[in-house]
Amino acid sequence: MPDPAARDAAEEASAFSHPAVAPDASAPYGAHPDQIVDFYAPRDGRQQAPLVVALHGGAWRQPYDRQHLTPFVDFLARRGFAVANVEYRRGSGLPRQGGGAPVAGRWPETFDDVAAALDAMPDLAAAHLPQADPRRIVLTGHSAGGHLALWGAARHVLPQGSPWRLPAAPSLRGVVALAPIAHFARAVELDVCGGAVTQLLGGRAESAERMPYADPAALLPTGIATTVVQGREDIVVPAEVTDAYVEAAAKAGETVGLTLLEDVGHFPLIDPAADACAVVAEEIAQLAW
């Protein structure tokens, strides 16, 4: 049996080995430099293509931006999708006090940005990606981006008074979340990404108050078709986090699709060289068409 850490390192190296792919167009959705969306037209020239809105991972930390997701985004464009690759504000680029990884996320800016980008998406796509069909939108995201995709689809069930709450369910074909940080309590128990969830929420003192506004497992049922793709050998966001989210959905009366991939870790889901990436594209297609 391969060493889990060695497997993870090899899978990460493969996923990050592909050169970044430049977009066909870019557009801001706000004044901050990170408030930008890159657009990729379907490579087969089709019109009225389903629009996949992609949110990158990286534990909501500053060093990880949308560039590392561009090979995956291009892979989807080569499969006939129109794709929007969303950037958003993340944590500070400086290590947190005491050393270690940079702080994860910004409260409330990370959520402000995702909400603003999704609200602006139909108009932005109409102007910059005319090949897209805004009536067929699928959200996807990897890891922390998977959390944001699930959260973006659940804004209509946010607590009353939330600035991000929508009056009705968003017009989506569905969500395909890839190894998402989908259940905050379980992720905290497992110390996923070095305490990233607690940092995203602003620290321990703020976590309990803010979790109902940010945790996908607390925002159920959504009524939005949802599929989670998870590698069984994932040691970055373990399958136990996805299991807890799927169980929470079932208790809320909602069925979440789960595609559990054997002998797959965290990074093959976004690696165009991996078979798992083709599975992801097929799951998106099942919702989009």
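What you are looking at is a predicted structure, and each value in this text was computed from that prediction instead of being measured.

The rules we used
- Residues numbered from 1 in each chain as written.
- Predicted model: local features only at pLDDT ≥ 70, side-chain atom pairs only at ≥ 80, totals over all residues.
- Heavy atoms only, no water.
- Core = buried A, V, L, I, M, F, W, Y, C linked by side-chain atoms within 4.5 Å.
- Buried < 20%, exposed > 50% of the residue type's maximum accessible area, 1.4 Å probe, protein only.
- Helix = DSSP H or I, 4+ residues; strand = E, 2+ residues; numbered from the N terminus.
- Contact = heavy atoms within 4.5 Å.
- Salt bridge = Lys/Arg side-chain N within 4 Å of Asp/Glu carboxyl O.
- Phe/Tyr/Trp six-rings, centres within 6.5 Å; stacked < 30°, edge-to-face > 60°.

Q: Go over the nonpolar core with me, naming the residues and quoting the values.
A: Ranked by internal contacts, the top residues of the largest apolar core, which has 62 residues, are Phe39, Leu51, Val53, Trp60 and Ile181. Tallying contributions element by element places helix 3 (residues 109–128) first for this core, with eight residues. Formed by 28 residues, the second largest nonpolar core is a distinct cluster that contains Leu69, Val176, Leu178 and Val264.

Q: Lay out the environment of Ile235 with the relevant residues and their values.
A: If you trace the backbone, Ile235 turns up in the loop between strand 7 (226–231) and helix 8 (239–251). Residues Ile235 and Ala116, spaced 119 residues apart in sequence, show a C-alpha to C-alpha distance of 32 Å. Ile235 has contacts with Pro4, Ala5 and Asp8, leaving out every residue within four places of it along the chain.

Q: Which residues make up the pattern of salt bridges, and what are the values?
A: Opposite charge on two side chains lets them pair, provided their charged atoms get close. Applying the stated criterion across every chain yields a total of 15 salt bridges. For Arg66, the salt bridge is made with Asp38, and the minimal N-O distance between the two is 2.7 Å. Taken as a pair, Arg66 in the loop between strand 3 (49–55) and helix 2 (70–78) and Asp38 in strand 2 (residues 36–40) lie far apart in primary sequence, 28 residues in all. The residues Arg66 and Asp38 share a single accessibility class, namely buried. With its nearest N and O atoms 2.8 Å apart, the salt bridge here joins Arg89 to Asp113. Placement of the pair is Arg89 in the loop between strand 4 (82–86) and helix 3 and Asp113 in helix 3, with a sequence separation of 24 residues. For the pair formed by Arg89 and Asp113, the shared burial category is buried. Ionic contacts of the salt-bridge type, sharing partners, join the residues Asp34, Asp38, Arg66, Glu87 and Arg90 into one network.

Q: Can you explain the packing of aromatic side chains? Please cite residues and give values.
A: Overall, the coordinates contain eight aromatic pairs when judged by the stated rule. With a centroid separation of 5.9 Å and 75° between ring planes, the pair formed by Phe16 and Phe267 is classed as edge-to-face. Taken together, the residues span a long stretch of sequence, with Phe16 in the loop between helix 1 (4–15) and strand 1 (25–28) and Phe267 in the loop between strand 8 (257–261) and helix 9 (275–288) at a distance of 251 residues. Taking relative accessible area as the criterion, Phe16 reaches 36% and is therefore assigned partly exposed. Ring centres of Trp60 and Phe184 lie 6.3 Å apart, and the angle between their planes is 75°; this geometry places the pair in the edge-to-face category. Note that Trp60 is positioned in the loop between strand 3 and helix 2 and Phe184 in helix 5 (residues 184–189), a separation of 124 residues in sequence. There is no split in this pair, since Trp60 and Phe184 are both buried.

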